[in-house]
Amino acid sequence: MSDATYPRLFSPVRIGGLELRNRIVLSAMTTGFGFTEGAPEAEALAYYRTRSQGTALATVGFSAVAPEGRVENAIAWLWPPGAAEALAPLAEAIASTGAHPCIQLGHGGRQVSPTVIGEVPVAPSALQAGAHVRVPPRALSTGEVDEVVAAFGRTAERAAGSGFAAVEIHGGHGYLIQQFLAAESNRRTDRFGGATVAERSRFGCEVIAAVRGAVPDLAVVVRINGSDLVAGGLQPQDAVVAAQRFAEAGADAFVVSAGVYGSVPWTIPLLDDPEGAFLDLAAEVRRNVAVPVIGVGRISTPDTAEKALRDGRCDAVALGRALLADEDWIAKAASGRHDEIRPCIATVEGCAGRLQYGEAISCSVNPGVGRETHPPLERAEAPGRVLVVGGGPAGMEAARRAAQLGHDVHLFERADRLGGALQLAAATPGLGHMARLADWYTGELERLGVAVSLGVDISGARDLAGTAADYLVLATGAQTAPEVLDGYEHLPAWTLEDLLEGRPSTHDTWHLIDPVVVLGGGSRALAAALWCRRGGYRVSLLGAERIGHDTSGLARRAYLSRLAATAVRGRAARITETGAEWLDEAGTRSVLPARSIVVAEPLRPAVPTALAPRGGHDGPNVAGIPTVRIGDARSPRTIADAIAEARQTIESLPARTG
């Protein structure tokens, strides 16, 4: 594959003894599914076969070299004697795509949960991790460290025996090798400690040497942190020293990432973190080592990848979430169809955020992730006429999927552009890239021949007069429904929609007055507060539930780190001339000072009564058209829920009988 638009991206490169057909690597990602007692199941084989298409090197996510090193339950185990035979089908599934199969060797050290491993975590020193794992670890003895080194060598042998052509040794993200590197976590006085990064790199060097000695022909990639992004952690100059030492020990290439558990900014870039967030760190390492460097971190477009390669910031790129969002990313880039790539929206709600709750990953924009074993649906045997009312994420996905299945589709949207909730989100700081998803859907509907009518308000059966339909899909979204409170006459108030769309307040004023109280504690309230902060206003959040209750911990911390706002949990009682009076759990009354109020919650479905199915359930409406409600029109939830429900609904439409 080659595309003149991306000549560097689709040029070959060599890592160790491997010739890579292009410069695209599938980044190692934990999935939370597909493995039972360390052995791959059909779901894992299908997932990796799909994600590896077109890549040059495809890396299986964190695979434990020892029982106490497991970071999750559903991962590959490399320590059992039968691991080589168990993992062979996985290497074969990847190799069948033409990619070189690679597997990540890791040990979580102190960043593993006792509930996963059934014992106290181990570490270089008995120093607790800065976030998530609150159990103080046990310090490894010198003999135990030697045994972990040997375990890396044994497991590399098993990986090679499975058919893997390369291994990626995990030396970053706060896991065991990085714990030895950082002074913050390594206070040892034996040969694995020391006052300098060069001295503390001994453990990593011995691991690399053990792997290289066990399987001399294996390509050895090492993932390191370009920066730990925490006080007392590794800095870019430390990463250079570690990389130089690791290269001397036998590393063939580096993946340069960043961050540890709880670091700010994030190990996983999101919100308004820039494209290629860690490429400067990769470039610093690349300038100081003589082996290839692979860049990673929100490389979501071919343009970003090509520019990074052309500018010499890295020698290859590792794609993770981009290949979750669109498994055909590489094929589309190679054939000049880069505008057809479904964009990652970088919320992590559908992928890494789910792992925090012990759930398997999926993807907010691609609900097919994790369902690769499901056979693709054939086109409808008896295509029908599908009318979709509402052009938000649910409506656009419904129209897209219906057209793919052969239905004749007409979508109506009362606004002058498609997007709905996506456009509203895109107006807030941190979520501007949501407009890319709206643009992608707009292009998809055009390519699929979907009739789209903008600026048309369909609110009753008479609006559909003369329009034949076999199915009516209501994707009319939701609206903020302010709670009934006394005192709104005292202060100007806006719903989030009115504020972002430039409509006047309840007092017929047009601009916020400082300070501002945002009513609500979910993701909409956080986005509203950030919008106000960017405008220079002081902001307080008041929510009945925990702030960020409907977001992943990753997104919640990202918002709060950017806000520097007062956030309280309590129930709004009334609006006064001086602010928002509220009650805490004990019933104590307090007032948050305010001269403006923004209402972000709760949301209520916005379904035209005249179009709704009779009896409130899916079925015929008053016009007799079989009708279904999807997305926020059924129940306000996430973008991921809206898209997944839209797809499932269309795929479940009953056969047309007329």
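Residues numbered from 1 in each chain as written. Predicted model: local features only at pLDDT ≥ 70, side-chain atom pairs only at ≥ 80, totals over all residues. Heavy atoms only, no water.

J.: How should the pairing of strand β23 (residues 566-569) be read in this particular structure?
T.: Every other side chain in a regular strand lies on the same face of the sheet, so the side chains alternate between the two faces. For strand β22 (residues 539-543) and β23, the ladder comprises four bridges, and the chain directions are parallel. Counterpart to Leu-542 in the pairing with β23 is Val-568. (Pairing = 2+ DSSP bridges. Helix = DSSP H or I, 4+ residues; strand = E, 2+ residues; numbered from the N terminus.)

J.: Looking at this structure, how should I read the sheet that holds strand β20 (residues 493-495)?
T.: Strands belonging to one sheet form pairs held by backbone hydrogen bonds; the direction of such a pair is parallel or antiparallel. Taken in spatial order, the five strands make up an open sheet running β20-β27-β21-β22-β23, and their pairing is parallel. Both edges of this open sheet fall to β20 and β23, since each of them pairs with a single strand only. Between one strand axis and the next, the sheet turns by 20 degrees as a mean value, whatever way the strands run. Relative to strand β27 (residues 596-599), strand β21 (residues 516-519) is paired through four bridges, and the arrangement is parallel. Along β27, the bridge assignment pairs Val-518 with Val-598. Along the sheet, helix α18 (residues 523-534) contacts β21, β22 and β27; its crossing angle with β22, the most-contacted strand, is approximately 170 degrees. (Axes fitted to C-alpha atoms, helices over the stretch in contact; angles between N-to-C directions. Contact = heavy atoms within 4.5 Å.)

J.: Quick question: what am I supposed to make of the environment of Cys-314 here?
T.: As for its position among the elements, Cys-314 is in the loop between α10 (302-310) and β14 (316-319). Separated by 32 residues in the primary sequence, Cys-314 and Ala-346 have C-alpha atoms spaced 22 Å apart. Ignoring anything within four residues of it in the chain, the contact list for Cys-314 reads Leu-279, Arg-286, Val-293, Ile-294, Gly-295, Ala-308 and Leu-309.

J.: What am I meant to see in empty space enclosed by the protein here?
T.: If you roll a probe as big as a water molecule over the atoms, it shows you where there is empty space left. Summed over all chains, the structure comprises three cavities of 30 Å³ or more. Estimated volume of the largest cavity: approximately 100 Å³. By residue class, the composition of the lining of the largest cavity is nine nonpolar, three polar and two charged. There is about 50 Å³ of room inside the second largest cavity. (1 Å grid on protein atoms, 1.4 Å probe; cavity = no way out; pocket = protein on both sides within 12 Å on 5 of 7 lines; lining within 4 Å. Points joined across faces, edges and corners; volume = space filled by probe spheres on them. Nonpolar A, V, L, I, M, F, W, Y, C, P; charged D, E, K, R; others polar.)

J.: Help me understand the pairing of β27 in this model?
T.: Residues Ser-596 and Val-598 line one face of β27 and the alternating positions Ile-597 and Val-599 line the opposite face, and both faces are buried. As paired elements, β20 and β27 share three bridges and run parallel to each other. Looking across to β27, one finds that Trp-494 is bridged to Val-598. (Buried < 20%, exposed > 50% of the residue type's maximum accessible area, 1.4 Å probe, protein only.)

J.: Sorry if this is basic, but what is going on with the sheet that holds strand β13 (residues 293-295) here?
T.: Taken in spatial order, the eight strands line up as β3-β6-β7-β10-β11-β12-β13-β14 and close into a barrel, and their pairing is parallel. On average, adjacent strands in this sheet sit at an angle of 30 degrees to one another, irrespective of strand direction. The sheet contact formed by strand β7 (residues 100-106) and strand β10 (residues 166-171) spans four bridges and is parallel. Bridged to Cys-102 within β10 is Ala-166. In the packing of helix α9 (residues 279-286) onto the sheet, contacts are made with β11 (219-225), β12 (253-257) and β13, and the angle to β13 comes to roughly 175 degrees.

J.: Even after reading the chapter, I still don't get unusual backbone geometry, so can you show me in this structure?
T.: If a residue is not glycine, its phi is most likely negative; likewise, a peptide bond is most likely trans. Omega for the peptide link from Asp-514 to Pro-515 comes to -5 degrees, which places this bond in the cis form. Examined against the element boundaries, Pro-515 turns out to sit in the loop between α17 (496-500) and β21. With an omega dihedral of 0 degrees, the bond running from Glu-601 to Pro-602 counts as a cis peptide bond. Secondary-structure assignment places Pro-602 in the loop between β27 and β28 (603-605). In this structure, Glu-37 takes a positive phi of about 50 degrees despite not being glycine. Its place among the elements puts Glu-37 in the loop between β4 (35-36) and β5 (39-40).

J.: Looking at this structure, I do not really get helix α14 (residues 393-404). What am I missing?
T.: Every α-helix carries 3.6 residues per turn, so stepping three or four residues along brings you back to the same face. Given a rise of 1.5 Å per residue, 12 residues ought to cover 16 Å, and the 16 Å separating the end C-alpha atoms of α14 matches this to within 8%. For α14, the buried fraction is high: 11 of the 12 residues fall into the buried class. Of all the residues in α14, the buried ones are Pro-393, Ala-394, Gly-395, Met-396, Glu-397, Ala-398, Ala-399, Arg-400, Arg-401, Ala-402 and Ala-403. On its buried side, α14 packs onto β15 (385-389), β16 (408-413), α15 (421-426), α16 (434-447), β18 (471-474) and α20 (639-651). Gly-406 lies just past α14 and shows a positive phi near 100 degrees. (Expected span 1.5 Å × (residues − 1).)

J.: Looking at this structure, I do not really get the packing of aromatic side chains. What am I missing?
T.: Aromatic ring pairs: the centre-centre distance and the angle between the two ring planes describe each pair. Under the counting rule described, the total for this entry stands at nine aromatic pairs. On the basis of an interplanar angle of 70 degrees and a centroid distance of 6.1 Å, the ring pair of Phe-180 and Phe-192 is categorised as edge-to-face. Of this pair, Phe-180 sits in helix α5 (residues 176-181) while Phe-192 sits in the loop between α5 and α6 (197-200), and the two are 12 residues apart along the sequence. Judged by its relative accessible area of 0%, Phe-180 falls in the buried class. Judged by its relative accessible area of 0%, Phe-192 is buried. Ring pairing ties together the aromatic residues Phe-33, Tyr-47 and Tyr-48, which thus form one cluster. (Phe/Tyr/Trp six-rings, centres within 6.5 Å; stacked < 30°, edge-to-face > 60°.)

J.: Explain the environment of Gln-423 here, please?
T.: The residue Gln-423 is located in helix α15 in this model. Taking the C-alpha atoms as reference points, Gln-423 and Met-434, separated by 11 residues in sequence, lie 6.9 Å from one another. For Gln-423, the contacting residues outside a window of four places in its chain are Arg-417, Leu-418, Ala-435 and Ala-438. At a separation of 2.8 Å, a polar atom in the side chain of Gln-423 contacts the main-chain carbonyl oxygen of Leu-418. (Polar contact = N/O pair within 3.5 Å; in protein donor to acceptor, adjacent residues only side chain to side chain.)

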